[in-house]
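Chain by chain, the residues run as shown.
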Amino acid sequence: SKIFNFRVKAIKWLLKNKAFGFNDLYNDVYLEIEKYNAEPKLQILSENLLFALRCNRRVVNAIINSEDFTKENIEYQVPKLSTINYEQFVTSIALGVPDDSTAQKIVDWTNSSLYIEYVALAASLIYDEKLPISPETINELASLVADAAQLYSAISTEMGLIKQRSQKFASLDMIIDENFMKEQKQIAEMDINDYGKSLFNS
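These lines cover the structure that appears in this document, whether it is placed above or below. (Residues numbered from 1 in each chain as written. Predicted model: local features only at pLDDT ≥ 70, side-chain atom pairs only at ≥ 80, totals over all residues. Heavy atoms only, no water.)

Topic: the side chain of S113
Tracing the sequence through the fold places S113 in helix α6 (residues 100-128). Among the residues examined, S113 registers a relative accessible area of 8% and is labelled buried. Ignoring any residue separated from it by four or fewer positions in sequence, one finds S113 in contact with R7 and Y152. (Helix = DSSP H or I, 4+ residues; strand = E, 2+ residues; numbered from the N terminus. Buried < 20%, exposed > 50% of the residue type's maximum accessible area, 1.4 Å probe, protein only. Contact = heavy atoms within 4.5 Å.)

Pasting the structure below:
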């Protein structure tokens, strides 16, 4: 919920900045995360974050280029953002979308994007503050963002936001270390919310 509230504040700030452009912002963030490769222990995390950003950019570009998207529509919705928190957002989806399966996909899609932002913020703190984080926790973050990105892309495809992409090529975007498969098995056996909570206890 804190990441959701942070996102709302960021959207409002960016829309007030008339010089803001999504591609410029994306390029700046991408270059920032690429710097993390200079730290050997952050290379896997950096590459998986870059993979997640590419997934995100593909979806956002598809939305921006859709017929229904206009800056005016976004600006019209901005005043409403300050009055909604994460719990209210989930409730509004549950009440406003008659199909339970679709409602759950929307919530899962939003949650996966929030996990990407959570890991991006965590990586930024680790790099900028030179925090002594264990390799195990960094690998957990790398696994979490990779899973979140794949779920985000999968649901985006299911909802028709983007076209199907060959798994063969999609898998090439992500870097996997020797412990990754073990971590993937662990993630598969855990609820994603439980997994996220476990990071705070690491």
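Re α6
In this model α6 runs 42 Å from its N-terminal to its C-terminal C-alpha over 29 residues, within 8% of the 42 Å that 1.5 Å per residue would give. Backbone geometry just downstream of α6 places K130 in the positive-phi region, at approximately 55 degrees. (Expected span 1.5 Å × (residues − 1).)

Some words on the pattern of salt bridges
Tallied over the entire structure, the rule returns 4 salt bridges. Residue E117 is joined to R7 by a salt bridge in which the shortest nitrogen-to-oxygen separation is 2.7 Å. Highlighted residues: E117 in helix α6 and R7 in helix α1 (residues 2-16), separated in sequence by 110 residues. Overall, the relative accessible area of 24% leaves E117 in the partly exposed class. Take R7: its relative accessible area is 18%, and that puts it in the buried class. K105 is the salt-bridge partner of E158, the closest N and O atoms lying 3.0 Å from each other. Here E158 is found in helix α7 (residues 135-158), whereas its partner K105 is found in helix α6, with 53 residues between them in sequence. E158 sits in the exposed class, given a relative accessible area of 51%. (Salt bridge = Lys/Arg side-chain N within 4 Å of Asp/Glu carboxyl O.)

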